[in-house]
Amino acid sequence: PGAEKSGNLYYFISADGETGGLGYGGKLGRYTFENASDYDYNYLELYLSKSDFTLSVSKADTDDNYWSNTDDDVHVWVSWSKSFDL
């Protein structure tokens, strides 16, 4: 479908910051698909981070008639990262 064609666009605005050793940020975006506007959807992600840990919350506003293997549920996850000096 349209998701596989060139000319598709992703627009977004994001911001982040830090206060008291706690990082925070978010992104609001929109995917648009050329010749398949029924697939277009909005996306929101928010996060908090401290040290190597990040707590993220995201939601994609999709239409289940077109994205049958996705849902509009809110997704929450915790991630841990570690960097190495080489």
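Residues numbered from 1 in each chain as written. Predicted model: local features only at pLDDT ≥ 70, side-chain atom pairs only at ≥ 80, totals over all residues. Heavy atoms only, no water.

Visitor: Residue-level account of the pairing of strand β4 (residues 53-61), with values.
Guide: Relative to β4, strand β3 (residues 41-50) is paired through nine bridges, and the arrangement is antiparallel. Looking at β4, one finds that Leu46 is bridged to Val57. As defined by bridge partners, β4 adjoins strand β5 (residues 75-80) across six bridges and the pair is classed as antiparallel. Looking at β5, one finds that Ser58 is bridged to His75. (Pairing = 2+ DSSP bridges. Helix = DSSP H or I, 4+ residues; strand = E, 2+ residues; numbered from the N terminus.)

Visitor: Give me the side chain of Thr32: which residues, what numbers.
Guide: Inspection of the secondary structure assignment puts Thr32 in strand β2 (residues 22-32). Note on Thr32: relative accessible area 18%, which makes it buried. For Thr32, the contacting residues outside a window of four places in its chain are Asn8, Leu9, Tyr11 and Asp40. (Buried < 20%, exposed > 50% of the residue type's maximum accessible area, 1.4 Å probe, protein only. Contact = heavy atoms within 4.5 Å.)

Visitor: How would you explain the sheet that holds β5 if you had to name every residue and give the values?
Guide: Across the sheet, five strands lie side by side as β1-β2-β3-β4-β5; this open sheet has antiparallel pairing. Edge positions in the sheet fall to β1 (9-19) and β5, since each has one partner strand and no second. Geometrically, the sheet is characterised by an average inter-axis angle of 15 degrees between neighbouring strands, direction not taken into account. (Axes fitted to C-alpha atoms, helices over the stretch in contact; angles between N-to-C directions.)

Visitor: Go over the pairing of β2, please, and point to the residues and values.
Guide: Relative to β2, β1 runs antiparallel, the two being bridged by eleven bridges. In the strand pairing of β2, Ser14 is matched with Lys27. In this structure, β2 lies alongside β3, joined through nine bridges in antiparallel fashion. Paired with Leu28 across the two strands is Leu44, which belongs to β3.

Visitor: Any details on the confidence of the model for the protein? Residues and values, ideally.
Guide: Predicted confidence across the protein gives a mean pLDDT of 84, with 83% of residues reaching 70 or more. Mean pLDDT across the elements of the protein bottoms out in β4 (92) and peaks in β1 (95). (pLDDT = per-residue confidence, 0-100.)

Visitor: Any details on the packing of aromatic side chains? Residues and values, ideally.
Guide: In the structure shown here, the tally under the stated rule is four aromatic pairs. When the centroid spacing of 5.6 Å and the interplanar angle of 25 degrees are considered together, the rings of Tyr10 and Phe12 count as stacked. Under the relative-accessibility criterion, Tyr10 is labelled partly exposed at 29%. Each ring, one from Tyr31 and one from Phe33, has its centre 6.4 Å from the other, and the planes form 10 degrees; the classification is stacked. Using a relative accessible area of 28% as the deciding quantity, one classes Tyr31 as partly exposed. Aromatic ring contacts, followed pair by pair, group Tyr10, Phe12, Tyr31, Phe33 and Tyr41 into a single cluster. Over the ring of Phe12 we find Lys27, and its NZ or CZ is 5.5 Å from the ring centre. (Phe/Tyr/Trp six-rings, centres within 6.5 Å; stacked < 30°, edge-to-face > 60°. Lys NZ or Arg CZ within 6 Å of the ring centre and 35° of its normal.)

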